[in-house]
Amino acid sequence: MSVSDIVTASGVRLRLEDVGKTFQMGEVSVEVLRHITFDVHPGELLVMVGPSGSGKTTLLNIMGGLDSPTVGSVRYGDQDLTTATSRELTRYRRESVGFVFQFYNLVSNLTARENVLVATEISRRPMAVDEVLRLVGLEERMNHFPSQLSGGEQQRVAIARALAKNPELLLCDEPTGALDYETGKHVLRLLVDLKNTLGKTILIITHNTAIAPIAERVIRLRSGEIHEMHDNPRPQPPEDVSW
Amino acid sequence: MVSVLDRKLLREVRSSGALLLAITSIIAVGVMCFIYMRTAYYNLSLAKFRYYNQCRMADFWIELKKAPLSDVEPLASLPGVTAIRPRIQFFATVDLERVPAPLNGLVLSLPDAREPIINDIVIESGGYFTDRRGEEVIVNSAFARRHRIRPGQTIHLLLNNRRQELQVVGTAISSEFVYLVAPGSIAPDPEHFGVFYIKRSYAEEVFDFDGATNQIVGQLDPAHRQQPGEILRRMEAMLAPYGVATSYGLRTQASNQFLSDEIRGLGVFSTIMPAIFLAVAALVLNVLMVRLIDQQRVVIGTFKAIGYSDAQIFLHYTKFAMALGLFAALVGLGLGYAMSHLVTSIYKRFYEFPNLETEIFPGTYAGGVAVALGCALVGSLQGARVALRLNPAEAMRQKPPVQGGAIWLEHFPALWGRLNFGWRLVLRGVFRNRLRSAVGVFATAMGAGLLMCGFILVSAIAYLISFQFELVTRSDVDLRFKDERGASALLEAASLPGVEWAEPQFDVGCTFIHGPHRRRGAISGVLPDARLTTPRDIDGRRIRIPQSGLAMSRKMAQILDVSPGDEITVLPTRGLREELRVPVAELSDSYIGLAVYADIGYLSRLIGEELVLTGVQLAVDPDPLPRASLYRELKQLPAVQSINIRADVIHNLETIVETQRIFIGFVVLFAGVIFFSSLLNSSLIGLAERRREVATLRVLGYNEWQVGGLFLRESLVINSLGTLVGLPLGYSMALVLSTVYDTEMFRFPLTSPPWVWFGTVGMGIVFALAAHAVVQRTINRLDWLDASKTKE
């Protein structure tokens, strides 16, 4: 399947209702998230900002089906993720979501191309691996191992891996966190382009408030709660933001 | 097509380096032991089965003085008896021109013309008897090979006091002499003992046995084969007038018993040895896998985030272990195949089969692969289960710091306070990584146990030889007479050239009965103050020959269930042949046979005979010249059934010890594999876990040897704990072995001189140092600046 075939994204609707998460650490309970309610609309670019410890990653994990909330519900389309079985959650992660991690999480003894293949081999409707790598600008470096790639290139591989399964939702955890300024901006540009050209729904979580202006909608988290949520009718191109 | 995950797997296996070597070598040795021991087991079992069928192996033997054939024939019609063959059997002195000392031979009659018979022979060179002459002989192959005797040559045998020249027509083997040992011996000695088959008609003529027999071999129907006792007693009763000396079934026939014990031992070992190695391998692999999963938790979390199912991840990691297992199995199969050939060649030195070859049993090889994969699977299960249970979100979070509480030693401040920083680090490392340390201790305990057990076996054989042939039997030459002789024979023997001292011996074959227990055996009558036969207790102290009653070997006492002071019934095969009540006065210890001693005068009176001799024991001048003239005289001496020269017996046993050493050498090597691999595995994993700690120490100014020293100390602590467990474990293994091999013919002494203990500890340290050399090399090559930046 070519990239152009899947430009029209199907309706994505992730709905979180009164989600809360408490971790039990020995005898101490730590409430990391509480009363989180919001929707993710199809094809939007959503940035969630908050300081360290505000619960961003936990929320992302819950949205991606990697973790489950202690209270509340998470629905993806008609599917209730909070009551889904392990098998259903695996299918959700396999078909509907792509993850991009701060430290890329590439498998060190697989080449860039093989790291992408890891995702396509289990996907029902994958994109062509070489085309995805071309899309992220890595067609020349696809046979290099992660240790032979720069941080920016590794993050591009990670994005290609997330994208190659052809998911409807891309969840990016601090995608620029480990990158230098210029490389970080290039990665943001790539994500914006993917949204624009492929119609993907993209959710970025970051502690870097300077990134927020590129989003169509911004959610600010503080101490596990939504402190503020607002639409941004005129998102700025990544080239114009600075930090 | 190879999937990406499989590619990852292959690269991981390849990059495991020394760790891979460690695990695979333990599994490979386990598989190798399985293959070669099982192969040897099946080879010997099959060879025995085929050979016994081919030669129509007898189920029983009856030896008697002399009986007419007509009175023996009715035995064949007894219920349970399917066939009998009466034959003529005599011991003879063999005179080979090239050999200075007289040799012993067993002469057996065969039909003049070839026909299917019980205890048939398999001709290996030349042919069967011809019609051309009576004086033809077929020589057993091992003796012929050793003395380069070929068909067409002539040899001289002293038959019925006459020196006979016989033409060799062939060489042959027979299933009743697969393991050919001279009476009273425990090892084949083709140099000094052979079997000589002659024509029945010639035997009748030369031994004056026309129409008579002195040995009956026969076969039983399957229902009676396992329990021939009842039938044998009936036949003995029928043959009573002809002086039955002994009767026995196949189970207690010397060759069969040695062979069967060996096969039984192989059956036991082929289970125990691989089990030890595979258990160690599974545990070591378990440590490795748990570590690997821990190291790859982010990868696992990522795979789960991408959408890999738990089953796919579980399969991926078990596949990693299975790949190791398969590789090790293939190495093990190759080694096992090579070892099988080596073992067969060693067996060929002791066992005479028509064609003992190393057959390949596909089932065994498949079994070897299966046990290796099974071991790998078991070893990987815990790790793979951890991977399975790992919550993906959890997996990608930073791992909480390892709990660093105080270890139990720290509760003893007086002790802990004295330890320097290095020792504290080492001891904390050992006691905090409990699973890894426990596996290390277990593996080194097994390694030390094997070493200890192997060393005990070496020392046992040496002790056995010195106990039996330096303490108990001290004569240089033993002569056994064909028939009993008067006291003058002692004087004649004493006057032979080179003889310094001679003592009489009077052996009486008898049946010992105590309650429900019966055993055939013999009482050796010796002088009460004999110098050349001195029974001993287990500590080597001399046992007094009682003035009345018997000094019985502990094994015989066990069989009869008697203690000193008990009275038993003795039914002698000579003299008045009446049932006698005799007290057991003393117990002696011996490692060969079932000796029972009595005062020679007491024994003669007991059976109602005059003082007669069945043999003499001689102490001989060690100088070669008088010895040579003694041997010349002995070759000509009539009325002698056998001549045993102690130096030859010891020399022969020492040759066997040499072979034993090859096996023990392998055991030491195998134990080394366990030691080396488990310590290497433990240290390398420790090093991988503590790269940052190592880097920090290097930044602080420690050199690579000081850092290596910490790891060496950790290895030595584990090694010492393991050895501490392994020493008694090895002793217990030897104890079990001594029970398994506690037979009527042979037992091995459980001795553990200091060198056994020190040798085990010393070898353990050598293996630990060898493993450390690899670790030290890794430390020397470590890029510690990079390691200090490692994200934990």
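Scroll up for the structure.
Here the structure is a predicted model, which is why all the values come from computation and not from measurement.

K.L.:
In this structure, what is going on with the overall build of chain A? I would like to understand it.
P.N.:
Helices and strands together make up the secondary structure of chain A, namely six helices and ten strands. A compact globule built from 243 residues should have a C-alpha radius of gyration of about 18 Å, and chain A, at 17 Å, falls within 12% of that. With the C-alpha coordinates aligned to their principal axes, the bounding extent of chain A is approximately 50 × 40 × 40 Å. For chain A, the residues scored as buried account for 47% of the 243 residues in total. Considering only contacts within chain A whose residues lie at least 6 apart along the sequence, 70% involve residues at least 24 apart.

K.L.:
Is there a simple way to explain the overall build of chain B in this structure?
P.N.:
The helix and strand inventory of chain B stands at 24 helices and 20 strands. The principal-axis extents of the C-alpha atoms in chain B amount to approximately 100 × 65 × 55 Å. Within the span of chain B, comprising 792 residues, buried residues form 46% of the whole. Within chain B, contacts between residues at least 6 apart in sequence are counted, and of these 85% link residues at least 24 apart.

K.L.:
Where do I start with the packing of helix α20 (residues 646–689) of chain B against helix α22 (residues 704–740) of chain B in this structure?
P.N.:
The geometry of a pair of packed helices is captured by two quantities: the angle between their axes and the separation between those axes. Residue and element names in this part refer to chain B. Between α20 and α22, the shortest axis-to-axis distance is 10 Å and the interhelical angle comes to 140°. Judged by the inter-axis angle, α20 sits oblique to α22. Crossing of α20 over α22 shows right-handed handedness. Of the residues in α22, those touching α20 at Leu679, Ser682, Ser683, Gly686 and Leu687 are Phe711, Glu714, Ser715, Ile718 and Asn719.

K.L.:
What am I meant to see in the interface of chain B and chain A here?
P.N.:
Frequently, the measure chosen for interface size is the accessible area that the parts lose on association. Listed per partner, the contact involves 21 residues of chain B and 20 residues of chain A. Looking at the side of chain B that touches chain A, the elements with two or more residues in it are α1 (4–15), α9 (297–306) and α12 (392–396) of chain B. Broken down by element, the residue count for the side of chain B that touches chain A peaks at seven residues, all from α1(B). A class-by-class count of the residues in the side of chain B that touches chain A yields ten nonpolar, six polar and five charged.

K.L.:
Please clarify how helix α2 (residues 86–95) of chain A should be interpreted in this entry.
P.N.:
For the α-helix, the turn length of 3.6 residues means that residues three or four positions removed from each other point alike. Within α2(A) the residues assigned to the buried category are A:Leu89, A:Thr90, A:Tyr92, A:Arg93 and A:Arg94. Summarising the contacts, the buried residues of α2(A) are in contact with β4 (71–76), β5 (79–80) and β6 (97–100) of chain A together with α9 of chain B.

K.L.:
What exactly am I supposed to notice about the sheet that holds β6(A) here?
P.N.:
Backbone hydrogen bonds are what pair the strands of a sheet, in a parallel or an antiparallel way. All names here are of chain A. Spatial ordering of the open sheet is given by β6-β7-β8-β3-β9-β10, a layout of six strands whose pairing is mixed. Of all strands in the sheet, those bounded by a partner on one side alone are β6 and β10 (225–231). Taken pair by pair, the neighbouring strands of this sheet meet at an average axis angle of 15°, ignoring direction. As paired strands, strand β3 (residues 45–49) and strand β9 (residues 217–222) are joined by four bridges and run parallel to one another.

K.L.:
Looking at this model, I keep getting lost on the sheet that holds strand β2 (residues 81–87) of chain B. Mind explaining?
P.N.:
Residue and element names in this part refer to chain B. Within the open sheet, the four strands sit side by side as β2-β10-β1-β11. Their pairing is antiparallel. Each having just a single partner strand, β2 and β11 (244–249) make up the two edges of the open sheet. Pairwise comparison of adjacent strand axes, ignoring direction, gives a mean angle of 25° for this sheet. As paired strands, β2 and strand β10 (residues 212–220) are joined by six bridges and run antiparallel to one another. Its bridge partner being in β10, arginine 85 is matched across the sheet by valine 217.

K.L.:
What's the story with the environment of B:Pro624 in this structure? I'm lost.
P.N.:
Tracing the backbone shows B:Pro624 in helix α19 (residues 624–636). The sequence separation of B:Pro624 and B:Thr154 amounts to 470 residues, and the corresponding C-alpha distance is 28 Å.

K.L.:
Would you take a moment to explain the environment of B:Ile276 for this structure?
P.N.:
Relative to the helices and strands, B:Ile276 is located in helix α8 (residues 254–295). Each C-alpha atom, one on B:Ile276 and one on B:Gly447, is 9.2 Å from the other, the two residues being 171 residues apart in sequence.

K.L.:
Looking at this structure, I do not really get the packing of α20(B) against helix α23 (residues 754–781) of chain B. What am I missing?
P.N.:
All names here are of chain B. Here α20 crosses α23 at 35°, and the two axes come no closer than 8 Å. Handedness of the α20/α23 crossing: right-handed. Here Val668, Gly672, Phe675, Phe676, Leu679, Leu680, Ser683, Leu684 and Leu687 of α20 lie close against α23, whose contacting residues are Met763, Gly764, Phe767, Ala768, Ala770, Ala771, His772, Val774, Val775, Thr778 and Ile779. Here the residues of the contact of α20 with α23 sort into 15 nonpolar, five polar and no charged.

K.L.:
Help me understand the nonpolar core, please; the structure alone is not making it clear to me.
P.N.:
One broad rule of soluble globular proteins: the nonpolar side chains tend to lie buried together. If you look at the biggest cluster of nonpolar residues, it comprises 302 residues, and the most contacted ones within it are B:Ile23, B:Ile26, B:Ile27, B:Val31, B:Val280, B:Ala281 and B:Val284. B:Val31 has contacts with B:Ala328, B:Ala329, B:Gly332, B:Leu333, B:Gly336, B:Gly368, B:Val371 and B:Ala372, leaving out every residue within four places of it along the chain.

K.L.:
Would you explain the environment of A:Pro235 in this entry?
P.N.:
All names here are of chain A. Looking at the secondary structure, you find proline 235 in the segment after β10. Between the C-alpha atom of proline 235 and that of glutamate 216, which follows or precedes it by 19 residues, the distance is 5.7 Å. Ignoring sequence-local partners within four residues, the contact set of proline 235 consists of Leu45, Pro213, Ile214, Ala215 and Glu216.

K.L.:
In this structure, what is going on with unusual backbone geometry? I would like to understand it.
P.N.:
Positive phi, close to 50°, is recorded for A:Asp18, a residue that is not glycine. By the secondary structure assignment, A:Asp18 is in strand β1 (residues 14–25). When the 12 C-beta atoms within 10 Å are taken as the criterion, A:Asp18 is described as exposed. Backbone geometry at B:Asn161 places phi at a positive 70°, although glycine is not the residue there. With respect to the element layout, B:Asn161 can be found in the loop between β7 (154–159) and β8 (162–174). For B:Asn161, a count of 10 C-beta atoms within 10 Å gives the class exposed.

K.L.:
Just checking my understanding: could you explain the pairing of β4(A) for this structure?
P.N.:
Each regular strand shows side chains that alternate between the opposite faces of the sheet. All names here are of chain A. Where β1 meets β4, five bridges bridge the pair, whose relative direction is antiparallel. Looking across to β4, one finds that leucine 14 is bridged to tyrosine 76. In this structure, β4 lies alongside β5, joined through two bridges in antiparallel fashion. In the strand pairing of β5, tyrosine 76 is matched with glutamine 79.

Parameters at a glance
- Residues numbered from 1 in each chain as written.
- Chains lettered and ligands numbered in written order.
- Predicted model: local features only at pLDDT ≥ 70, side-chain atom pairs only at ≥ 80, totals over all residues.
- Helix = DSSP H or I, 4+ residues; strand = E, 2+ residues; numbered from the N terminus.
- Rg over C-alpha atoms; globule rule 2.2 N^0.38 Å.
- Buried ≥ 20, exposed ≤ 12 C-beta atoms within 10 Å, placed from the backbone.
- Contact = placed C-beta atoms within 7 Å.
- Axes fitted to C-alpha atoms, helices over the stretch in contact; angles between N-to-C directions.
- Parallel < 35°, antiparallel > 145°, perpendicular 65-115°, else oblique.
- Left-handed = near helix turned anticlockwise from the far one by under 90°.
- Nonpolar A, V, L, I, M, F, W, Y, C, P; charged D, E, K, R; others polar.
- Pairing = 2+ DSSP bridges.
- Core = buried A, V, L, I, M, F, W, Y, C linked by C-beta atoms within 7 Å.

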